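A structural walkthrough
Take a look at the letters that make up each chain.
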Amino acid sequence: MKYTTDSELASKLVELVGEGKVADQEYILASYSMDVSPEPRRRPDVVVRPFSTEEVSKIVRFAFENSIPVVPTGGRTSMCGASIPQRGGILLDMTGMQKVIELNKEEMYVTVECGITWGHLISILKEEGFKLGFRGPYSGTAATVGGSISSNSIGYGSCRWGQAPAGLLGLTVVLPNGNIARTGSQALIYANPFNRYNMGPDLTGLFCGDHGTLGVKTEATLSIHLIPEHVEHLAYGFEDVEKACQFFCDVQKHEVAEDIVLIGETGSLEYIIEGFNDMFPGLNAVVIVIIEENCSGAARAKAELVAGLASKHGARSIGDLYAKIHWTFGMFEDIHPFFQLGMWTPECHNLPSHRIAEKILEFKKLYTKLRLREKGYQPVIAAMANNNNSVSFVAHVYYDVRSSESKRTALDFWEQGMERDLLEGGVPYWSGTSWLRHLRGKLDPGYVELYRAVKQALDPKGILHPGMEIA
Ligand SMILES: Cc1cc2nc3c(=O)[nH]c(=O)nc-3n(C[C@H](O)[C@H](O)[C@H](O)COP(=O)(O)OP(=O)(O)OC[C@H]3O[C@@H](n4cnc5c(N)ncnc54)[C@H](O)[C@@H]3O)c2cc1C
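**Details of the overall build of the chain**
When its secondary structure is counted, the chain shows 16 helices and 18 strands. Against the 2.2 N^0.38 benchmark of 23 Å for 471 residues, the chain shows a C-alpha radius of gyration of 22 Å, consistent with a compact globule. Based on the C-alpha atoms only, the size of the chain along its principal axes is roughly 65 × 55 × 45 Å. Scored against the burial criterion, the 471 residues of the chain give a buried share of 49%. Within the chain, residue pairs in contact and separated by at least 24 positions form 70% of the contacts whose partners lie at least 6 positions apart.

Below is the structure:
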């Protein structure tokens, strides 16, 4: 699209990066004023869509010199207000930067521009016979590599490979003053970006989960792996939710799975496969286990081990369709049907896996006590395995956006839930405005001091994503 521009700020930016990349029409600013959370909207003053690290550097340097806020965004699929510009300024839409810069098949890495989506990158790698470890959040057809690294996302493949930053070998980052820095082995000017931990501290890690407050990521290098020869899609149903949770933990401890997901609420299952509850009556939870191996014997042995654990915990096999929808046919699409239910109140956070059953029962008790289902709210409960015997625990309530009363009740329930999650030892992996208001006063003072010192040193004028600082 060719943008037309009116304001002085927009004209200056056009001078810097050229025509067709800058927009300040009201309808465009309005569409960039929100993410996928119930957080209040706020408009940027101007939107710029750069196409290279050099362009990002010019824009950020100009903003630094003129003390103008800059908010980097990717797919803007944040569920916690993280991509909403709290203080106006320049919104940097990074989705113009979506090229694969280098696929190194010998050294097993891929370097990409940070605005590429996970779905796009996976399809390019697949054609070449490679896969990623962490394959993206459930929003991976819209979420970008840069956005997920900036918000420590959990998702497909986290059980074996960890969160979004885990497979990261290095970054190219535009610092708040506009200078460009490279981390990982490429910090040595003669070396390729093949290794993360080298002669100095891990400065890649500094920018992981920073929510765009310390730098703008323009390029990322990720480890790649051979496409597996054998995939096992396993799915088990449970009448007893606690047994489903024990099975989940048991499989996770045996370290045999690429991915494990638990759905702990029968109503939710019906939205993914219509007729599920008629096909499999009496089930209260489902656990999906995905195994990937390059050797068929190894895959079969792992599948047998999982089947043994399933029978020990009283599971019923429900065939492979559900697991195939999750992993193969419908990757990145399995939760879309939930939006038929309305808008969500996303409360995803990390928990040690042994606590899933306790949290599910607590959540169910609360919404039963408040008679939320009778009042038209639909709860969805799930857990996605992470690679250190922890999970992302997901408990959402969907509400009718057309009713202000429905919204108010759901949001009250949400706020109380986030506060309770933190007091009970849960840890959010995103921050965003929704979690930030609950994190205040609960962070270790030394952590706060360290973050503030780093922020002050890198961004003394506080131009990068003001309002999104963790402390
Ligand atoms: C249907 C759906 C399913 C989802 N499932 C999951 C899930 O399974 N797991 C999960 O973790 N999340 C999930 N999310 C939330 C969200 O999609 C993820 O957190 C995702 O990683 C955000 O990526 P993004 O490109 O959309 O980032 P954005 O929302 O655009 O930005 C997120 C944060 O990163 C910063 N940022 C973005 N790009 C850059 C950059 N290049 N440099 C510096 N900072 C940057 C932004 O300022 C912001 O603070 C889901 C959302 C939806 C709508």
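**Section: the domain arrangement of the chain**
How big an interface is tends to be expressed through the accessible area that disappears when the partners come together. One can read the domain layout of the chain as domain 1 (97-226) and domain 2 (230-431). The partner domain 2 presents 18 residues to the 20 residues of domain 1 that form the contact. No other element matches helix H6 (residues 158-161), which puts 4 residues into the side of domain 1 that touches domain 2. The residue inventory of the side of domain 1 that touches domain 2, partitioned by class, reads 6 nonpolar, 13 polar and 1 charged.

**Details of the environment of glutamate 54**
As for its position among the elements, glutamate 54 is in helix H3 (residues 53-65). Take glutamate 54: there are 13 C-beta atoms within 10 Å of it, and that puts it in the partly exposed class. Sequence separation between glutamate 54 and alanine 385 is 331 residues, and the spatial gap between their C-alpha atoms is 38 Å.

**Here we look at the sheet that holds strand S2 (residues 46-48)**
Strand order in the open sheet made by the 4 strands is S1-S2-S4-S3, with mixed pairing throughout. Of all strands in the sheet, those with a lone pairing partner are strand S1 (22-23) and strand S3 (70-73), marking the two edges. The sheet contact formed by S1 and S2 spans 2 bridges and is antiparallel. Across the sheet, the residue bridging to valine 22 is valine 48, located in S2.

**A word on unusual backbone geometry**
The phi angle at arginine 76 is positive, at roughly 55 degrees, despite the residue not being glycine. As for its position among the elements, arginine 76 is in the loop between S3 and strand S4 (90-93). With phi around 55 degrees, arginine 371 is a residue other than glycine that occupies positive phi space.

**Quick word on the pairing of strand S6 (residues 109-113)**
Burial of S6 is extensive: 5 of the 5 residues sit out of reach of the surface. With 4 bridges joining them, strand S5 (residues 100-104) and S6 adopt antiparallel strand pairing. Each bridged residue has a counterpart across the sheet, and for glutamate 102 the counterpart in S6 is threonine 111. Here S6 runs beside strand S10 (residues 216-223); their pairing, made up of 5 bridges, is antiparallel. Each residue of the ladder has a partner; that of glutamate 113, found in S10, is glutamate 219.

What counts as what
Residues numbered from 1 in each chain as written. Predicted model: local features only at pLDDT ≥ 70, side-chain atom pairs only at ≥ 80, totals over all residues. Helix = DSSP H or I, 4+ residues; strand = E, 2+ residues; numbered from the N terminus. Rg over C-alpha atoms; globule rule 2.2 N^0.38 Å. Buried ≥ 20, exposed ≤ 12 C-beta atoms within 10 Å, placed from the backbone. Contact = placed C-beta atoms within 7 Å. Domains from an automatic or database assignment. Nonpolar A, V, L, I, M, F, W, Y, C, P; charged D, E, K, R; others polar. Pairing = 2+ DSSP bridges.

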